[in-house]
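What follows is each chain in one-letter form.
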There are 2 protein chains.
Amino acid sequence: MENIETLTGKYGDEGDQLLFKILNSRMYESKSKDKIRADFETSLEKNINSENLTEKALRYDLTVPFARYVVQHRNEITIPFKRFQIQPVWRADKPQKGRYREFFQCDADVIGSNSLNNEIELIHLTDDVFAELGISVLIKVNNRKILSGIAEICGAADKITDITVAIDKLDKTSVDAVITELTSKGIAETSVEKIKPLFAIKGNAAEKISFLKAYLKDSAIGLAGVNELEYVLNAIEKEGLKKATIEPDITLARGLNYYTGAIFEVKSMSGELKVSICGGGRYDDLTGIFGWKDMSGVGISFGADRIYDVMNELNLFPAAANKGTQVLFVNFGNDEEIFTRALLSQLRDNGLRVEFYPDSVKMARQMKYANDRKIPFVVIIGSNERLSGICQIKNMETGEQSSIAIKDIQTFFADKLKQA
Amino acid sequence: MENIETLTGKYGDEGDQLLFKILNSRMYESKSKDKIRADFETSLEKNINSENLTEKALRYDLTVPFARYVVQHRNEITIPFKRFQIQPVWRADKPQKGRYREFFQCDADVIGSNSLNNEIELIHLTDDVFAELGISVLIKVNNRKILSGIAEICGAADKITDITVAIDKLDKTSVDAVITELTSKGIAETSVEKIKPLFAIKGNAAEKISFLKAYLKDSAIGLAGVNELEYVLNAIEKEGLKKATIEPDITLARGLNYYTGAIFEVKSMSGELKVSICGGGRYDDLTGIFGWKDMSGVGISFGADRIYDVMNELNLFPAAANKGTQVLFVNFGNDEEIFTRALLSQLRDNGLRVEFYPDSVKMARQMKYANDRKIPFVVIIGSNERLSGICQIKNMETGEQSSIAIKDIQTFFADKLKQA
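This write-up is about the structure you can find in this document. Just so you know, these numbers come straight off a predicted model, no measurement behind them.

1. Focus on the interface of chain B and chain A
Listed by partner, the interface residues are 66 residues for chain B and 66 residues for chain A. Run the count over chain B and chain A and you get 10 salt bridges. With a shortest N-O distance of 2.9 Å, A:Lys242 and B:Asp349 are connected by a salt bridge. Residue contributions to the side of chain B that touches chain A peak at eight residues, all from helix H4 (residues 33-46) of chain B. Taken together, the residues of the side of chain B that touches chain A break down into 26 nonpolar, 16 polar and 24 charged.

2. So, the pairing of strand E5 (residues 102-111) of chain B
All names here are of chain B. Counting buried positions along E5 yields seven of 10 residues, so the element is predominantly enclosed. Note that strand E4 (residues 81-90) and E5 share 10 bridges and pair antiparallel. Bridge pairing in E5 links Phe-81 to Ile-111.

3. A short note on the packing of helix H9 (residues 175-184) of chain B against helix H10 (residues 189-199) of chain B
Residue and element names in this part refer to chain B. In the contact formed by H9 and H10, the axes pass within 11 Å of each other and the chain directions differ by 155 degrees. Classified by the interaxial angle, the pair formed by H9 and H10 is roughly antiparallel. Seen along the crossing, H9 lies across H10 with a hand that is right-handed. Note on element contacts: H10 touches H9 through Val-192, Ile-195, Lys-196 and Phe-199, opposite Val-175, Val-178, Ile-179, Leu-182 and Thr-183. Class assignment of the residues belonging to the contact of H9 with H10 gives a composition of seven nonpolar, one polar and one charged.

4. Structural notes on the sheet that holds strand E7 (residues 245-248) of chain B
Residue and element names in this part refer to chain B. Taken in spatial order, the seven strands make up an open sheet running E4-E5-E10-E9-E8-E6-E7, and their pairing is mixed. Of all the strands in the sheet, just E4 and E7 have a single pairing partner and so form its edges. Taking each pair of neighbouring strands and ignoring which way they run, the sheet shows an average axis angle of 15 degrees.

5. Concerning the packing of aromatic side chains
Residues and elements named next belong to chain A. Within this structure, the stated rule accounts for 26 aromatic pairs over all chains. A centroid spacing of 5.1 Å and a plane angle of 80 degrees characterise the contact between Phe-412 and Phe-413, whose relative ring orientation is edge-to-face. Among the residues examined, Phe-412 registers a relative accessible area of 15% and is labelled buried. Three or more aromatic residues joined by ring pairs form one cluster here, namely Tyr-11, Tyr-60, Tyr-258, Tyr-259 and Tyr-283. Taking NZ or CZ as reference, Arg-83 lies 4.0 Å from the ring centre of Phe-66, over its face.

6. Observations regarding the side chain of A:Thr325
Residues and elements named next belong to chain A. Note on placement: Thr-325 falls in the loop between helix H13 (304-313) and strand E11 (327-329). Given the relative accessible area of 14%, Thr-325 is considered buried. Looking at Thr-325, its side chain comes within polar contact range of the side chain of Glu-355, at 2.5 Å. A polar side-chain atom of Thr-325 sits 3.4 Å from a polar atom in the side chain of Arg-373. Discounting residues that sit within four places of it in the chain, Thr-325 has contacts with Arg-353, Val-354, Glu-355, Arg-373, Ile-375 and Pro-376.

7. What to know about the nonpolar core
When a protein is soluble and globular, its nonpolar side chains tend to lie buried together. With 77 residues, the main nonpolar core has A:Phe130 and A:Leu182 as its most contacted residues. Apart from the residues lying within four places of it in its own chain, the contact partners of A:Leu182 are A:Asp162, A:Ile163, A:Ala166, A:Ile187, A:Val192, A:Ile195 and A:Phe199. Ranked by size, the runner-up nonpolar core spans 55 residues in total, among them B:Leu170, B:Phe264, B:Ile277 and B:Ile300.

8. Some details on the relation of the copies chain B and chain A
Superposing chain B onto chain A requires a rotation of 180 degrees together with a translation of 0.0 Å along the rotation axis, leaving an RMSD of 0.1 Å. Both chain copies can therefore be described as sitting about a two-fold axis. Looking at the rotation axis and the C-alpha trace of chain B, the residue lying nearest is B:Ile22, at 2.2 Å. Most of the interface of chain B is mirrored in chain A: 100% of its interface residues are interface residues there too.

Each value, and the rule that gives it
Residues numbered from 1 in each chain as written. Chains lettered and ligands numbered in written order. Predicted model: local features only at pLDDT ≥ 70, side-chain atom pairs only at ≥ 80, totals over all residues. Heavy atoms only, no water. Contact = heavy atoms within 4.5 Å. Salt bridge = Lys/Arg side-chain N within 4 Å of Asp/Glu carboxyl O. Helix = DSSP H or I, 4+ residues; strand = E, 2+ residues; numbered from the N terminus. Nonpolar A, V, L, I, M, F, W, Y, C, P; charged D, E, K, R; others polar. Buried < 20%, exposed > 50% of the residue type's maximum accessible area, 1.4 Å probe, protein only. Pairing = 2+ DSSP bridges. Axes fitted to C-alpha atoms, helices over the stretch in contact; angles between N-to-C directions. Parallel < 35°, antiparallel > 145°, perpendicular 65-115°, else oblique. Left-handed = near helix turned anticlockwise from the far one by under 90°. Phe/Tyr/Trp six-rings, centres within 6.5 Å; stacked < 30°, edge-to-face > 60°. Lys NZ or Arg CZ within 6 Å of the ring centre and 35° of its normal. Polar contact = N/O pair within 3.5 Å; in protein donor to acceptor, adjacent residues only side chain to side chain. Core = buried A, V, L, I, M, F, W, Y, C linked by side-chain atoms within 4.5 Å. Least-squares fit on C-alpha atoms with pLDDT ≥ 70 in both.

Rendered as structure tokens:
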């Protein structure tokens with residue numbers, strides 16, 4: 001969790017609404033009821049949560065807490081500072097398929113360096129990760145400066161947020177709906193007319209770049225954005241990607257207030273789940289809010305839960321990822337327990353995944369357990385087997401039963417399970 | 001997070017106080033202000049959080065959410081059901097050394113089996129884990145039934161919570177203080193007299209067990225507890241532990257309401273941090289609260305952050321656990337970047353941990369970065385080196401500089417870093 005003021009105002013208005021706020025603990029104990037009532041009334045009237053009701057909230061992402069961390073530990077870190085971080089984050093949203101209230105983000109950031117090399121490295125990192133996982137992805141890139149340039153060119157620089165929010169919806173809705181939204185936000189018809197050519201951008205990356213250079217020729221910030229985008233795309237084209245496809249997409253805005261340069265978004269190209277599974281961008285001023293200016297950073301965030309969903313849908317988890325029990329030992333009660341447990345301990349130390357049924361119930365029930373759990377082998381060591389030194393091993397798939405010297409169990413399974 | 005009613009009442013009164021409660025999201029939007037005021041007033045008068053203010057809370061531990069999970073998924077799981085789980089939990093406590101507001105628990109539980117084999121396996125598991133980590137630990141065991149027996153024997157069965165809370169403090173305070181606390185809770189002097197012999201228990205495990213058998217001879221539940229404790233201790237004595245020490249401790253109570261049988265607590269025996277780093281026990285009725293009776297469970301929970309603290313204090317992390325950058329490539333600007341990045345990509349694919357300084361700033365600053373980050377090697381490939389095919393490699397520890405063919409970098413570091 002974070003102090004509430006660390007988080008508010010960083011994720012757009014909608015983001016603020018999606019923060020899970022934590023009720024101050026023991027709030028009832030520390031103050032008189034009249035004082036608590038007054039605090040509550042203030043909070044209610046202002047339509048905000050007064051600090052007497054809540055002063056902490058759950059992480060919305062890992063980037064803002066990272067910026068807070070960097071400023072807090074500025075005397076202990078080396079600049080440029082790189083870190084990766086894997087932690088849960090929360091959104092107070094209606095849960096639905098692919099949309100979680102609690103999920104894990106895996107972030108990589110570099111802070112304290114303006115170089116576009118960082119953007120290029122992060123694109124390679126993203127490509128490496130998804131190539132390793134076997135997911136074909138489309139990496140969309142844009143630049144917040146291009147969006148500022150567009151707002152400037154169409155004479156509505158003060159409406160940049162409304163414009164980006166509206167055109168961000170182009171891939172989900174129609175051109176007409178976007179125009180209606182722009183108009184409803186009070187954007188003049190002349191401005192909307194100037195935005196319209198953007199809806200028709202076509203061609204490959206080079207063609208899009210040259211269209212933007214002409215379109216943004218009178219906006220210094222817009223041109224700066226196009227040049228950055230071009231530099232990154234050129235480098236990636238020369239260096240090549242392992243598996244991912246990359247394309248510029250000027251409708252890509254992302255709702256986060258803090259981006260100032262490059263913006264990335266990654267979607268899976270196979271399977272039904274076409275949701276965003278990764279995203280990021282450059283933020284010039286995020287640490288400034290916490291008291292350390294001119295520390296530009298750039299980062300990428302992988303959505304672990306959605307990646308898991310995609311991998312499940314596409315059957316990408318290897319069979320070896322299943323680390324279930326390999327062998328169940330049947331329980332015959334007190335007399336055999338200590339003997340069996342010593343054997344298990346030895347087999348476990350040698351890397352075998354073995355389990356001892358905890359209760360000495362009927363054999364049929366223990367067999368059903370092995371079957372339900374899909375445990376491939378069952379070992380039977382009752383008093384007879386212990387005396388003779390020969391145990392029974394049942395292959396649960398084939399039904400085949402073998403008699404093996406107890407001292408050879410380790411070798412038997414080492415061979416059997418290598419094949420499996 | 002969990003629904004608040006899943007958590008309340010399971011951790012004792014103090015536990016309820018330590019829950020972090022989440023303010024209902026958008027609570028201001030969905031209702032009239034008068035309705036919200038009325039809800040708040042109700043909550044204030046009852047000194048609880050009405051469900052209109054908060055209906056969710058952060059996990060206090062993993063056991064209660066596990067019981068909720070088991071009941072919710074009862075048609076999908078196989079009984080006895082075993083699971084491990086690693087997740088953060090929260091306590092609304094004042095943070096201090098060794099006491100965190102947010103920390104990771106690593107839990108292993110077996111539910112749906114009464115067998116003491118589970119207790120024995122969990123003790124072996126605990127021993128295995130701490131032997132692997134290199135920490136010498138003391139595993140204290142007790143049984144909640146013994147505590148019930150004590151309350152029964154001294155004629156204060158209804159005061160069991162007060163009695164256990166008081167005697168749990170014996171290792172931190174004096175006998176007199178415990179007696180004062182017992183008296184202050186309204187426990188009669190005759191009862192306190194009957195508790196006193198317990199303060200003087202001495203001897204080895206067998207001697208403590210035989211004292212308890214005599215002391216509890218008129219309490220059926222007390223004797224059941226002693227027998228369980230004896231069975232577990234005997235098995236462990238016969239089977240042996242790898243590194244841990246085990247001892248019965250009848251003052252061990254643990255504050256959690258839900259324990260009904262065995263109780264475990266594990267402390268590090270070396271270092272200054274003598275805090276509990278692991279604990280657990282048996283709970284007979286936890287799923288019953290959620291609608292599934294007679295599903296006894298037992299589990300153990302490792303406190304990852306405290307274990308980390310202990311390992312840090314005792315210097316137990318191996319040097320190989322540091323996966324920092326092995327080689328820094330100096331940045332000489334645009335012309336060399338694509339060449340260097342292709343080389344890095346190849347070295348990374350071969351398992352080398354390499355980094356490219358992102359900005360083409362003065363060499364001295366890049367060297368200082370390598371030094372501050374304790375990166376053992378720096379590679380210099382400027383335009384001359386690229387033309388000649390020979391690069392410079394600087395060993396940052398010895399200052400030694402070598403000229404190596406660029407194509408041989410991989411082999412050079414494979415040898416160098418194997419030794420390091």
